[in-house]
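Spelled out from the first residue to the last, the chains are:
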Amino acid sequence: MNLDRMRRDVEDPTIVGWGRMPQRAERSEADTIERISLRGTWAFAWSPTMAEGPWGETEVPAVWELNGYGTPYYLAFRYPPAIGKDGRLDPHDRPTGIYRRRLDIPGDWAGRRVTLRFESVKSAFHLLLDGELIGYSEGSMTGATFDLTDRATTGSEITVVVHRYSTGTYLEDQDMWFLSGITRDVWLEAEPAHAPWDIVVTTDFDHVENRGSLRVETDAHVQVHLGDDLIAEGAGSLEAVDLRVSPWSAETPILYDLRVTTTADDGTRDVRHLRTGFRRVEIVGEQLRVNGRPIVLHGVNRHDFHPERIWDVPADVREHDIALMKAANVNALRLSHYPNPDQVYRLADEHGLYVMDEAEVESHGVRRRGIPGDDPAWQPSVLARVEAMVRRSRNHPSVIMWSLGNEAGDGEAFRAAKRAVLALDDGRPVHYEGDTTLTTSDVYSLMYPTPQLERRIGEHRDVRINLIQKLFNKLAGDDKAFPAARYTGRPVIACEYAHAMENSFGNVADHVENFHRYPNWAGGFVWDWVDQTIAVPLKDDLVRQAYGGAFGETPTDRWFCANGVVAADRTPHPAYDELAKVYQHVVITRTPDGVRLTNRHSFDDLTGRALCWRLERDGATVASGQVKDIVTAPGASREVRLPIMPVAGPGLWALMVEVGDTAWEQFELARIPATGFSEWAAVDTHDGAITSLRFGGVEFLSSPLRLNLWRAATDNDRGLASFAPVLTPLTGVSAWRRANRRARPYRSDRGRSRWRVRGADIRLAVEATDRGVRVEMWAAAGRRELVRAGLTGTLDSRFDHVEWIGRGRGENYRDRCSGSPLGRWSRSVEEFPHAYAHPQENGNRTGLEKLTLTGGGLTLTVRRIAGNPFEASVRPYTQEQLAAAAYADELPATGPATLSLDVAHRGVGGDKPGDLRLQPAARLARGRTWHTAWLIEGMTK
């Protein structure tokens, strides 16, 4: 197999591929092309070194590490052990998989161009035909095509030698699993021999004249039809101008059928069918504009990932992703951190998403060692990857920006890459976050700005970094100082912001408000869309959502692969509702006579939408109405008058206003506490705990309601301990857990107790009344901030259902509740919490007036009768069980309800990856006292 040649290829960064055909725009199924899928069972041999191992069989596509060959690694910014930091591969750690199968080429393909197309192979591969080495390819997510015309016949054997590691691996450190194999489809294809290899389509739209234009570039004589109209004919560069077309945008994704036909001398035709849109993308001053109007990117980053099939994502799953994004008011998609299969671009064209396409260039773990930097040895690989990206997707109107890569440092490699982009396509801006001087990137791009930094940039002030940031930059940080003069005059984008790792995603509304408040901000992309957890079957039909370390591998960055707005199986996390709310394109504010609508669309004037309003009391509609004429110009505001809202009697009163099906706002009008009646109550307290709670002679508690000042740590609570578990005892949550264990009241008399817990001042009063048990709590932080303050205990096992009046429908926290409206909600005890892949604090509800648990003929109601609205969670496991579990499948699915009642519970953060960094409103800091009085009532049948 010419192992010496193979070793040279995988070890030399200047060799990025040979024997391949140039990248091109993918052909559609409607084109004059025939395809045979080679998906299925192949002969397979694996070896931990570059050698031939014992032969067996494997499925294609698949990753071999999940089928018993080698070790998976999840690493966010590091490399597996075989990848040396000096750019050299470990010669003794070279896992290699050899795939073989015979080709069945139809007889009628004679005389056609026959090619073999690999959609994705990790990380590099050699191709042999009948034992002859004919090609090599790096750039694993972009794909490769080889010409087999006049070389292969029916019965020919192809051998694919896949190398787990190559110098290309250094440029694919992309915050994803390091896995290997033929990971997407392989196609045997045939097209007419005279067919041009590629067709390049460039469109434009003049928003002043309302006319479109189109240019087609090809090396053959073609006819170009737009719909049924012949608009151009000839060879080379063909143009059609003054076209009466409607423009494409993410809000109005209008597409046209374009047909390009090449006819051979014998009358054989090759037909390309394209769906094209007409739009102009430009930077005007400090604004990113489409068709002459500024746009703000309500974006998400998305890995192309499936929990079982990894990068072989089913078509319906990709469609579901796009549908979920549009339903959540997402208008932009960054393809992090590699070009995607053509289906994703077609869906973005059709449904309307602005796409930032990104080359598969990320050298996170060695970027500070000059890879690729200014080293000429690495430049060919960067250029090949960037050029391949542009050639593949430049025909898609949804692509509005090219990204040269991610977290790969700076240097001449990227200046050369921009020149390469402009030589192929000069109609789109170029993005590169790693540009330290803004000589390459057309936009000023940041990662994880805080709201304070966003405001500073919006006000054109210098961006500085402190000593801690400089030190962290030496490890993994990416904070850069920029004088205002350097970024003034260009748009600003947060290519990653609002880190959504599991129970996180707090404070997103502030970011989006900044994007719209300051004209130089063009928006950003949330990190990220989908969890990259791997589904591992267990006993008893359980499935583990595995994160880094689940396969016994070291090193690992553990649960940093679980930072999606949706889970790997596309179940929405609570962050999804928050995303949909803050990204809505109509802002609704209260006025004395009704509401004001502010239209954040760039093109949509709300024609055909209606405003619906409801006056609600404890979630039930008291009055409602509709206003049909709400037309509002893009970027403009208007007032809509509404009737006077009468508020009378106890309850939680709110006004809900909805515009269409993707925008809403709720206004709290009044909270008037109510009292109820319960059966005769008895309560016992001991050592500050409620040890017994009896109604009608029935005990409702199975364990006491005790003081609770800690929570099972979230990933953000852990901070650096997520990477270094030895630091866990130093985290604030761990300190409060220790303090909670040692807490004893220093004053306790007749149901009244008071604690001083390392500076915190906690008071509790409990007394039985003729209407139930009155529980009142005050909490004030001392020298350090509180995590939470409340009571927790386990109830009688018969309780199985929860109803509440407050914020829902799902989990919410004080810094992630914009998407959680007030109302009356219900769930079973098992459904009340939210299962994160890595178990942690979950299931909280805020803004509560009332919480009712029922089951087995028992009813327990907790009402607010004074003080602040309270917070609560109900779970079928204890807080201690939650803190001890490593995976969600280790938690009981059923069990007695553990109830937590809190006067206050801090937020979850999310401005920075794995770093709590709470904004002031989410903190339980000193200088304030939280106070709630509850009435606990019980009934038995």
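Residues numbered from 1 in each chain as written. Predicted model: local features only at pLDDT ≥ 70, side-chain atom pairs only at ≥ 80, totals over all residues. Heavy atoms only, no water.

Q: Just checking my understanding: could you explain the sheet that holds strand E33 (residues 521-526) for this structure?
A: Sheet strands line up and pair through hydrogen bonds in the backbone, either parallel or antiparallel. Read across the open sheet, the eight strands follow the order E30-E29-E27-E26-E25-E33-E32-E31; overall the sheet is parallel. The open sheet has two edge strands, strand E30 (430-431) and strand E31 (444-447), and neither has a second partner. Inspection of the sheet shows strand E25 (residues 297-302) paired to strand E26 (residues 332-335) by four bridges, in the parallel sense. Bridging from a neighbouring strand, Asn301 pairs with Arg334 of E26. Seen against the sheet, helix H9 (residues 508-517) touches E25, strand E32 (492-497) and E33 and runs at an angle of roughly 165° to E32. (Pairing = 2+ DSSP bridges. Helix = DSSP H or I, 4+ residues; strand = E, 2+ residues; numbered from the N terminus. Contact = heavy atoms within 4.5 Å. Axes fitted to C-alpha atoms, helices over the stretch in contact; angles between N-to-C directions.)

Q: Any chance you could explain the pairing of strand E59 (residues 929-940) here in plain terms?
A: Counting buried residues along E59, ten of its twelve residues qualify, which places the element largely inside the surrounding structure. Note: strand E50 (residues 772-780) against E59, eight bridges, orientation antiparallel. Counterpart to Val775 in the pairing with E59 is Trp934. Here strand E56 (residues 858-867) pairs with E59 via nine bridges, running antiparallel. Looking at E59, one finds that Arg863 is bridged to Leu935. (Buried < 20%, exposed > 50% of the residue type's maximum accessible area, 1.4 Å probe, protein only.)

Q: What am I meant to see in unusual backbone geometry here?
A: Excluding glycine, residues mostly have negative phi values, and the peptide bonds linking residues are mostly trans. Of note, the amide linkage connecting Lys122 to Ser123 takes the cis form, showing an omega dihedral of -10°. Gly808 connects to Arg809 through a cis peptide bond whose omega is 15°. One non-glycine residue with positive phi stands out, namely Asp541, at about 65°. Structurally, the position occupied by Asp541 is in the loop between strand E34 (534-537) and strand E35 (543-546).

Q: Would you mind showing me how to read the environment of Arg798 here?
A: Looking at where Arg798 falls in the secondary structure, it is placed in the loop between strand E51 (788-794) and strand E52 (801-807). Here Arg798 falls in the partly exposed class, since its relative accessible area comes to 39%. Residues Arg798 and Thr854 lie 56 residues apart in sequence; the distance between their C-alpha atoms is 7.9 Å. Beyond its immediate sequence surroundings of up to four residues, Arg798 is in contact with Val698, Thr854, Gly855, Gly856 and Leu858.

Q: Before we go on, may I ask you to explain the sheet that holds strand E4 (residues 55-60) in this structure?
A: Pairing is antiparallel across the open sheet formed by seven strands, whose spatial order is E1-E10-E9-E12-E6-E3-E4. Looking at which strands have only one partner, the edges of the open sheet turn out to be strand E1 (17-18) and E4. Across six bridges, strand E3 (residues 40-47) lies against E4 in antiparallel orientation. Residue pairing in the sheet places Ala45 in a bridge with Trp55 of E4. Helix H1 (residues 3-11) contacts E1, strand E9 (124-129), strand E10 (132-138) and strand E12 (157-163) of the sheet and is inclined by roughly 15° relative to E10.

Q: In this structure, what is going on with a nonpolar patch on the surface? I would like to understand it.
A: Taken together, Phe472, Leu720, Phe723, Val726, Leu727 and Leu730 make up a surface patch of nonpolar side chains, about 600 Å² in accessible area. As for its placement among the helices and strands, Phe472 is situated in helix H7 (residues 467-475). Given a relative accessible area of 38%, Phe472 falls into the partly exposed group. (Patch = residues over 30% accessible without salt bridge, like charges linked within 9 Å, V, L, I, M, F, W, Y side chains within 5 Å. Areas by Shrake-Rupley, 256 points an atom, 1.4 Å probe, with all protein chains shown as cover. Salt bridge = Lys/Arg side-chain N within 4 Å of Asp/Glu carboxyl O.)

Q: Even after reading the chapter, I still don't get the pattern of salt bridges, so can you show me in this structure?
A: Tallied over the entire structure, the rule returns 73 salt bridges. Residue Glu358 pairs with Arg334 through a salt bridge whose shortest N-O separation is 2.8 Å. Here the residue Glu358 occupies a position in strand E27 (residues 354-358), and Arg334 occupies one in strand E26, the gap between them amounting to 24 residues. One salt bridge in this structure joins Glu871 and Arg814, with 2.9 Å as the shortest N-O distance. You can see Glu871 sitting in strand E57 (residues 870-875) and its partner Arg814 sitting in the loop between E52 and strand E53 (822-828), a full 57 residues away along the chain.

Q: For this particular structure, what's the right way to read the side chain of Glu937?
A: Inspection of the secondary structure puts Glu937 in strand E59. Here the side chain of Glu937 touches Arg863 through a polar contact of 2.5 Å, side chain to side chain. For Glu937, the contacting residues outside a window of four places in its chain are Gly676, Phe677, Ser678, Phe695, Arg771, Thr859, Leu860, Thr861 and Arg863. (Polar contact = N/O pair within 3.5 Å; in protein donor to acceptor, adjacent residues only side chain to side chain.)

Q: Can you walk me through empty space enclosed by the protein in this structure?
A: In this approach, a probe sized like a water molecule rolls over the atoms, and the result shows the empty space that is left. Under the counting rule described, the total for this entry stands at four cavities of 30 Å³ or more. When its volume is computed, the largest cavity comes out at roughly 90 Å³. Forming the boundary of the largest cavity are Lys122, Ser123, Arg164, Tyr165, Thr169, Glu172, Met176, Trp177, Phe178, Leu179 and Ser180. In terms of residues, the lining of the largest cavity owes the most to one element, strand E14 (residues 176-178), which gives three residues. Partitioning the lining of the largest cavity into residue classes produces five nonpolar, three polar and three charged. Here the second largest cavity is characterised by a volume of approximately 50 Å³. If you trace the second largest cavity, you find it lined by Phe118, Ser120, Val121, Phe125, Ser137, Glu138, Gly139, Ser140, Gly143 and Ala144. Per-class residue counts for the lining of the second largest cavity are four nonpolar, five polar and one charged. (1 Å grid on protein atoms, 1.4 Å probe; cavity = no way out; pocket = protein on both sides within 12 Å on 5 of 7 lines; lining within 4 Å. Points joined across faces, edges and corners; volume = space filled by probe spheres on them. Nonpolar A, V, L, I, M, F, W, Y, C, P; charged D, E, K, R; others polar.)

Q: Help me understand the side chain of Glu578, please; the structure alone is not making it clear to me.
A: Inspection of the secondary structure assignment puts Glu578 in helix H10 (residues 574-582). Nearest to the buried, unbridged Glu578 among oppositely charged side chains is Arg816, at 5.6 Å. Leave out the neighbours within four places in its chain, and Glu578 touches Phe505, Asp815, Arg816, Cys817, Ser818 and Gly819. (Lys, Arg positive; Asp, Glu negative; His and termini not counted.)

Q: Looking at this structure, I do not really get H9. What am I missing?
A: An α-helix turns once per 3.6 residues; consequently, residues spaced three or four apart project the same way. Along H9, the positions that sit buried rather than exposed are Val508, His511, Val512, Asn514 and Phe515. With its buried residues spanning 155° around the axis, H9 presents them on a single face. Of the surrounding elements, those touching the buried residues of H9 are E25, helix H6 (451-458), E32, E33 and H10. (Arc of directions from axis to C-beta.)

Q: How do you make sense of the packing of helix H4 (residues 379-393) against helix H5 (residues 412-424) when you look at a structure like this?
A: Helix-helix packing: each pair is described by the crossing angle between the helix axes and the interaxial distance. With their axes 9 Å apart at the nearest point, H4 and H5 run at an angle of 30° to one another. Considering their axes alone, H4 and H5 lie roughly parallel with respect to each other. Where H4 crosses over H5, the two elements pack in a sense that is right-handed. Judged by residue contacts, Gln379, Val382, Leu383, Val386, Glu387, Val390 and Arg391 of H4 engage Glu412, Ala413, Ala416, Ala417, Ala420, Val421 and Leu424 from H5. (Parallel < 35°, antiparallel > 145°, perpendicular 65-115°, else oblique. Left-handed = near helix turned anticlockwise from the far one by under 90°.)

Q: What exactly am I supposed to notice about the pairing of E26 here?
A: Along any regular strand the residues' side chains alternate between the sheet's two faces. Of the two faces of E26, the one carrying Ala332 and Arg334 and the one carrying Leu333 and Leu335 are both buried. In this region the chain leaves E25, passes through helix H2 (residues 315-327) and returns to the parallel neighbour E26; the handedness of that crossover is right-handed. Bridge count between E26 and E27: three bridges; the pairing is parallel. When the bridges of E27 are listed, Ala332 appears paired with Tyr354. A crossover links E26 with its parallel partner E27, the connecting element being helix H3 (residues 342-351), and its sense is right-handed. (Right-handed = clockwise from strand over helix to strand, strands pointing away.)

Q: Even after reading the chapter, I still don't get a positive patch on the surface, so can you show me in this structure?
A: Judged by side-chain charge, Arg738, Arg741, Arg742, Arg758 and Arg783 come together as a positively charged surface patch. The class for Arg738 is partly exposed, based on a relative accessible area of 34%. (Charge placed at Lys NZ, Arg CZ, Asp CG, Glu CD.)

Q: Any chance you could explain the nonpolar core here in plain terms?
A: Ranked by size, the top nonpolar core spans 74 residues in total, and within it Tyr444, Tyr497, Val526, Trp529 and Leu579 carry the most contacts. With 55 residues, the next largest nonpolar core counts Ala739, Ala781, Val787 and Ala897 among its residues. (Core = buried A, V, L, I, M, F, W, Y, C linked by side-chain atoms within 4.5 Å.)

Q: In this structure, what is going on with the packing of aromatic side chains? I would like to understand it.
A: How two aromatic rings sit relative to each other is set out by the distance from centre to centre and by the angle between their planes. Inspection of the entire model under this criterion finds 29 aromatic pairs. Residues Trp46 and Tyr69 carry aromatic rings whose centres are separated by 5.9 Å and whose planes lie at 45° to one another, so their mutual orientation is tilted. You can see Trp46 sitting in strand E3 and its partner Tyr69 sitting in the loop between E4 and strand E5 (73-75), a full 23 residues away along the chain. Its relative accessible area of 18% is what places Trp46 among the buried residues. On the basis of relative accessible area, Tyr69 is assigned to the partly exposed category, the value being 24%. For the pair Phe77 and Phe723, a centre-to-centre distance of 5.6 Å together with 65° between the ring planes defines the contact as edge-to-face. Separated by 646 residues along the polypeptide, Phe77 in the loop between E5 and strand E6 (96-102) and Phe723 in the loop between helix H11 (715-718) and helix H12 (732-742) bring together distant segments of the chain. Owing to a relative accessible area of 22%, Phe77 belongs among the partly exposed residues under this scheme. The class of Phe723 is partly exposed, set by a relative accessible area of 31%. In textbook terms, an aromatic cluster arises when at least three aromatic residues are bridged by ring pairs, as seen for Trp42, Phe44, Trp46, Trp64, Tyr69 and Tyr99. Over the face of the ring belonging to Trp664 we find Lys581, whose NZ or CZ atom lies 4.9 Å from the ring centre. The ring of Trp778 has Arg763 sitting right over it, with the charged end atom 4.9 Å from the ring centre. (Phe/Tyr/Trp six-rings, centres within 6.5 Å; stacked < 30°, edge-to-face > 60°. Lys NZ or Arg CZ within 6 Å of the ring centre and 35° of its normal.)

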